[in-house]
Amino acid sequence: MAKRYFITTPIYYVNSYPHVGTTLTTVVADVCARYHRMLGQPVYFLTGTDENGLKVAEAAEKAGKTPKDHTDFLAEEFKKTFLAMNVSFDDFIRTTEPRHVEATQRFFKILQDNGYVYKGVYEGWYDVSSETFYKETDLVDGKSPDGNEVRWVSEENWFFKLSAFQDRLLEHIEANPTFLLPVSRKNEVVSFVKQGLRDMCITRANPGWGIPMPGDDTKVVYVWFDALINYLAATGWPEGDWQDIWPADVHWMAKEIFTRFHATLWPAMLMGIGVDLPRHVVAHEWFTFGDMKMSKSKGNIIEPLELAGDIAAKTGCKSEIAIDVVRYSLAAQLPYGGDTNYTRDEVDRLYNGDLANDLGNALNRTLAMAHKFVGGAIPDAEIEQEAKDAIQHARSEFDRYMDSFQINKSTESALGLIRFLNKYIDTRAPWALHKDSNPALPNVLRSMLACLRAAEGLIRPIMPTAADEMARQLGLPPTKLWSEIGSDTNLPAGATLATPEPIFPRLDPKKNAESKESKIQNPKSKMETQNPTSNTPPLSPQPSALSPQEITIDDFAKVQLRVARVVEAEPVEGADKLMKLQLVIGEEKRQIVAGIRLNYKPEELIGRQIVVVYNLKPRTMRGVESQGMVLAAVDENGGAILLSPEKEAPEGATVR
RNA sequence: GGCGGAGUAGCUCAGUUGGUUAGAGCAAACGGUUCAUACCCGUUAGGUCGUCGGUUCGAGUCCGACCUCCGCUACCA
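Described below are features of the structure shown in this document. Computed from a predicted model, the values in this text were never measured in an experiment. Each chain has its residues counted from 1, following the order in which its sequence is written. To label them, take the chains in the order written and letter them from A, then take the ligands in the order written and number them from 1. The predicted origin of the model limits local features to residues at a pLDDT of at least 70 and limits the giving and counting of side-chain atom pairs to 80 or more, whereas totals for whole chains, interfaces and linings rest on all residues. Based on all heavy atoms of the structure, the side-chain values leave hydrogens and waters out of the count.

**Description of the packing of helix α4 (residues 98–113) against helix α8 (residues 258–273)**
The axes are straight lines fitted to the C-alpha atoms, using for helices just the contacting stretch, and the angles between their N-to-C directions are given from 0 to 180°. The helix count covers DSSP runs of H or I at least four residues long, the strand count covers runs of E at least two residues long, and both are numbered beginning at the N terminus. Look at α4 against α8: their axes get within 8 Å of each other, and the N-to-C directions meet at 65 degrees. As far as their axial angle goes, α8 and α4 are roughly perpendicular. Viewed along their axes, α4 and α8 form a crossing whose handedness is left-handed. Of the residues in α8, those touching α4 at Phe107, Ile110 and Leu111 are Trp266, Met269, Leu270, Gly272 and Ile273. Three categories are distinguished: nonpolar for Ala, Val, Leu, Ile, Met, Phe, Trp, Tyr, Cys and Pro, charged for Asp, Glu, Lys and Arg, and polar for the others, with Gly belonging to the last. For the contact of α4 with α8, the per-class residue count stands at 7 nonpolar, 1 polar and no charged. In what follows, roughly perpendicular refers to angles from 65 to 115 degrees, roughly parallel to angles under 35, roughly antiparallel to angles over 145, and oblique to any angle outside these ranges. Each crossing gets its hand from how the near helix is turned against the far one by less than a right angle, where anticlockwise is left-handed and clockwise is right-handed. In this analysis, two residues are considered to be in contact whenever any of their non-hydrogen atoms come within 4.5 Å of each other.

Below is the structure:
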């Protein structure tokens, strides 16, 4: 069997639901997978979930579930979301599956046999209460950063000889210029590796959740180490025909897990067991949601399926089409050079501009003309050279960008063909040709239809449902193969065109503004008409940004506020905002740490009366215990403005 | 404070190895068209490419310093 084109996404950590970011990577990988299938290549598209690691166990406990139930539930949620997003994965791997556990253990064993794993002592200051190791330099006053007691522990653990691969790694990167992409990221990796790689501790004491180390089940394999192996585990390695799938053709991911893990550790691990390296490792940048442009509290939405639902509701397009719209917005905006702001407004702009006005309308007007001028069938005529050129150009551009994984630019190339078409229609003016009974008319209409047919193929990896609908309206079966795009046989003459129907109904900004308003006002007015005289509060009052949750006087009474006098003040060493205050509250002495150094110097505090929370649970900051909290207003810089009695108050007076 | 990223047209962004009048889309103004989802096409306007220095015949592009913004994080119970 021919080697499959193997595409992966990262496996997603199952501590929350999938959001726009994880969907971005997954959808982009899906576009890639669908494209390669259309090229006629056998494809293997893998995604999955990362379920080991202590944090998962902790999250499960918090949710009152066993780790198994917890991960079963969330893995299912990821799967459901991806399927709903029309992600065509061939395999969904979970790192708790036997195939992954076995592969990890074998991998470990081979590395060990090859001499790349050695036993060492992992030493450090161990904070028992938080189960974390700290370096000497992390400690504050001999305690952990959280202020807990630490003890010197040297735990025997296993290390991976990452340092041994430094040179080979650099050679490989050098010899394969497209191994790491984009280039700016590659350079980052090179300088990272040149700084020197340190061996990595790859086991941990067994917390009862994770993959036991072969031959020593008091240890588990470090979660990052096992996670990477999923890519190989899914191929069936080392059994059977795993080499039909491996090496991976492309590992897709976001930038934060690129340099240290996928571009460094993972290749070194593979070298260590003598298995080929992936062909391409690609990192995209992030979507940001700056200015809180998209957030639930603002009534905007970032959960992909909710976003799709919202688009469908707002525009009146079919819900499956709305999924495509989200996919398009992700593909079109895939960030490369830097983070991109992903906003609801931008999604609307893409919808109206690219999809409704350009693509949808081009189909609509072409079909309408075909019905009026040439009897509603694909004419048997010549495609004009201009149109042929445009189609070839769009396709080769699409391919070129796809080769370098710039999905956003490929997407633009597809739309470029539509932009050409709209200009072409204007220039050739079929309505004028029709009026003059010009013999060129069928040629022009066939050319127009050819552009649409090609566009249907080009957008298919990105918007499979919309492509199907385009094909249906063109009266043709879906384009299956990339090679059919632009071919004459893919546009059989005589096929009956369907009645045009807007795939992407235009979003009217005016209407939208109105509906937004009514949406907000509706519930209120509804309630008033239903129950005009009653003051019954809603059943479940929800805290919101506009109306902070109310508390009762009893709640407030729990907080004891007292007037205190500052007798000493000194900066906390190693901190630049913290001030250590010695206070007298009535007869009692207290020490409080406060983040007020931005606005105050020690000498201007001494002797001053301030207000403190008297019955707050003590807490240690930077190794210094704080027995309370001072009250202060927050200025525009985030600095503190202390509250003081307006005139001298009795020592230790209560405040209410 | 640390780490990471970014500062190019009103907005969202492109700008390959430094090379003539710095681009696209949206928004705006004007004009055209009528097949179409009040759409499409064309024209115009709008930028001292964050600031200041440096290298160079020549810098948005390279170097240095600084300023601003964002994300994560740390010490604002």
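Now that the structure is up, let's keep going.
**Points about unusual backbone geometry**
Where the residue is not glycine, phi is negative for most of them; where a peptide bond is considered, it is trans in most cases. For the bond from Trp237 to Pro238, the omega torsion is 0 degrees, close enough to zero to count as cis. Mapped onto the fold, Pro238 is located in the loop between α7 (223–233) and β12 (250–254). Cis peptide bonds are those with omega within 30 degrees of zero, and the linkage from Trp246 to Pro247 qualifies with 0 degrees. Turning to its location among the elements, Pro247 is positioned in the loop between α7 and β12. One non-glycine residue, Ala429, lies in positive phi territory at about 40 degrees. In this structure, Ala429 sits in the loop between α13 (407–428) and α14 (430–435).

**Notes on empty space enclosed by the protein**
Gaps between atoms show up when a probe of the same size as a water molecule is rolled over them. Think of a 1 Å grid over the protein atoms and nothing else: a 1.4 Å probe that fits but is trapped marks a cavity, an open set flanked by protein within 12 Å on at least five of seven lines marks a pocket, and residues with an atom within 4 Å of a point count as lining. Grid points are joined across faces, edges and corners, and a volume is the space filled by probe spheres set on the points. Inspection of every chain in the model, using the stated rule, returns 1 cavity of 30 Å³ or more. Quantified by volume, the largest cavity comes out at close to 60 Å³. Per-class residue counts for the lining of the largest cavity are 5 nonpolar, 3 polar and 2 charged.

**A short note on the sheet that holds strand β10 (residues 212–213)**
Spatially, 3 strands are ordered β9-β11-β10 in an open sheet, and the strand pairing comes out antiparallel. Each having just a single partner strand, β9 (203–205) and β10 make up the two edges of the open sheet. Any two strands with at least two DSSP bridges between them are considered paired. Pairing between β10 and strand β11 (residues 216–221): 2 bridges, direction antiparallel. Pairing of Met213 across the sheet is with Asp216, part of β11.

**Remarks on α8**
The α-helix winds at 3.6 residues per turn, so residues separated by three or four positions along the chain end up facing the same way. The terminal C-alpha atoms of α8 lie 21 Å apart, and with 16 residues this matches the ideal 22 Å at 1.5 Å per residue to within 8%. Remark: the principal bend of α8, roughly 30 degrees, maps to Leu265, with a proline, Pro267, within the next four residues. A positive backbone phi angle near 75 degrees is found at Gly274, which sits one or two residues after α8. Expected span of a helix: the number of residues minus one, times 1.5 Å. Note that bend, as reported per residue, equals the angle between axes fitted to the 7 residues terminating at that residue and the 7 residues originating from it.

**Quick look at the pattern of salt bridges**
The salt bridge definition used is simple: a Lys or Arg side-chain nitrogen within 4 Å of an Asp or Glu carboxyl oxygen. For the coordinates displayed, the defined rule picks out 29 salt bridges. In this structure, Glu156 engages Lys119 in a salt bridge whose closest nitrogen and oxygen atoms are separated by 3.6 Å. Remark: Lys119 occurs in strand β4 (residues 117–127) and Glu156 occurs in strand β6 (residues 150–160); sequence separation between them is 37 residues. Type-normalised accessible area, obtained with a 1.4 Å probe on protein chains alone, sets the label of each residue: buried when under 20%, exposed when over 50%, and partly exposed for intermediate values. Taking relative accessible area as the criterion, Glu156 reaches 43% and is therefore assigned partly exposed. Salt bridges sharing common partners tie together Glu51, Lys68, Asp72 and Arg94.

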